[in-house]
Every structure is written in structure tokens, then in C-alpha cells.
Amino acid sequence: MARKAKETEVKFIEKEVNECITVRMYPPQKDRANASLTLDVISGHLVIYGSAVNGRNGWFFSYPQYKGKDGEYKNLVFALEKEVNDGIAATLEECAKEF
């Protein structure tokens, strides 16, 4: 007797932060959610996968990290301007409210 494949629907919310950055957030589980940032870099795309985390001060994007020899975690990529991170955080807040 053949098993019927389980059908799963991948739900996510996608919103623009600005003309160059798009956030895609998947359904949160507790205080974390999978998320990705898509950056339009001169008509090409760069996708950064990380986690959306609901911290003490609201939602933020946790960039990919590695643990250095000194035991400290260091971001592999990051935004240079605070306004960019603030825009991403505000967009994640909006997405989280829709779930």
C-alpha cells in the first residue's frame, strides 16, 4: 500500500524595507522565526539567510555568525547604517503582527 505524501504549504510574508531590501519572514515559533533579506545589488540579487528574533526591544534580524578563536561571535555580514537595521526591525514587527 502506497503512502500519500503529506502536503505542506509554505507560508511566509514578504515586505519591502526600501527600494533595495526585501524581508521574507516565515511563521514564528516561540520568539524566533526563519527570515531572509533580499538585497537588489545593481539588478542582481543577494540573499542573506538568518533568524528573526523577538528580543527585549522587539524583533530584529540576527545575521549569520561564526565563533572566533577568542570565543566571541562575529557577524559574517551586517548593515553599516543604523537606519537600515531600524527599517528591517520595523518591517519584521509588521510581519510578525500578521501571523
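Anything mentioned here points back to the structure above.
Residues numbered from 1 in each chain as written. Predicted model: local features only at pLDDT ≥ 70, side-chain atom pairs only at ≥ 80, totals over all residues. Heavy atoms only, no water.

Visitor: Outline a nonpolar patch on the surface, listing residues and values.
Guide: On the surface, Tyr 66, Leu 76 and Val 77 cluster together into a nonpolar patch covering about 270 Å² of accessible area. Within the fold, Tyr 66 resides in strand S6 (residues 65-67). (Patch = residues over 30% accessible without salt bridge, like charges linked within 9 Å, V, L, I, M, F, W, Y side chains within 5 Å. Areas by Shrake-Rupley, 256 points an atom, 1.4 Å probe, with all protein chains shown as cover. Salt bridge = Lys/Arg side-chain N within 4 Å of Asp/Glu carboxyl O. Helix = DSSP H or I, 4+ residues; strand = E, 2+ residues; numbered from the N terminus.)

Visitor: Which residues make up the sheet that holds strand S2 (residues 21-25), and what values go with them?
Guide: In sheet architecture, strand pairing relies on hydrogen bonds along the backbone and comes in two forms, parallel and antiparallel. Read across the open sheet, the 5 strands follow the order S1-S2-S3-S4-S5; overall the sheet is antiparallel. Edge strands, defined here as strands with exactly one partner in the open sheet, are strand S1 (13-16) and strand S5 (58-62). Across the sheet, the mean angle from the axis of one strand to that of its neighbour is 30 degrees, orientation sign disregarded. Pairing analysis gives 10 bridges linking strand S3 (residues 32-41) to strand S4 (residues 44-55), with the strands arranged antiparallel. Residue pairing in the sheet places Asp 40 in a bridge with His 45 of S4. Against the sheet, helix H1 (residues 82-98) makes contact with S1, S2, S3, S4 and S5, and its axis sits at roughly 120 degrees relative to S5, the strand it touches most. (Pairing = 2+ DSSP bridges. Axes fitted to C-alpha atoms, helices over the stretch in contact; angles between N-to-C directions. Contact = heavy atoms within 4.5 Å.)

Visitor: Before we move on, could you go through the pairing of S5 and cite the residues and values that matter?
Guide: The side chains of a regular strand alternate between both faces of the sheet. Most of S5 sits out of view: 4 of its 5 residues are buried. Here 5 bridges tie S4 to S5, and the two strands are oriented antiparallel to one another. Pairing of Gly 55 across the sheet is with Gly 58, part of S5. Between S4 and S5, which pair antiparallel one after the other, the connecting turn spans 2 residues. (Buried < 20%, exposed > 50% of the residue type's maximum accessible area, 1.4 Å probe, protein only.)

Visitor: Quick one: what's the story with the pairing of S3, residue by residue and with numbers?
Guide: Sheet topology places S2 next to S3; 5 bridges connect them, and they run antiparallel. Residue pairing in the sheet places Thr 22 in a bridge with Thr 38 of S3. Between S2 and S3, which follow one another and run antiparallel, lie 6 residues, and Lys 30 among them has a positive phi close to 60 degrees.

Visitor: Provide a residue-level description of the environment of Pro 64, including the pertinent values.
Guide: Positionally, Pro 64 belongs in the loop between S5 and S6. On the accessibility criterion, Pro 64 (23% relative accessible area) is partly exposed. Sequence spacing of Pro 64 and Val 77 is 13 residues, and the spatial spacing of their C-alpha atoms is 6.8 Å.

Visitor: Requested: an account of the side chain of Thr 91, with residues and values cited.
Guide: Summarising the element assignment, Thr 91 is placed in helix H1. Its relative accessible area of 6% is what places Thr 91 among the buried residues.

Visitor: Describe the nonpolar core, and please don't skip the residues or the numbers.
Guide: Residues Met 25, Leu 37, Ala 52, Trp 59, Phe 61, Ile 88 and Leu 92 are the most contacted members of the largest nonpolar core, which totals 17 residues. If near-sequence neighbours (up to four positions away) are discounted, Ala 52 is found in contact with Met 25, Asp 31, Arg 32, Ala 33, Ala 35, Trp 59, Phe 60 and Leu 92. (Core = buried A, V, L, I, M, F, W, Y, C linked by side-chain atoms within 4.5 Å.)

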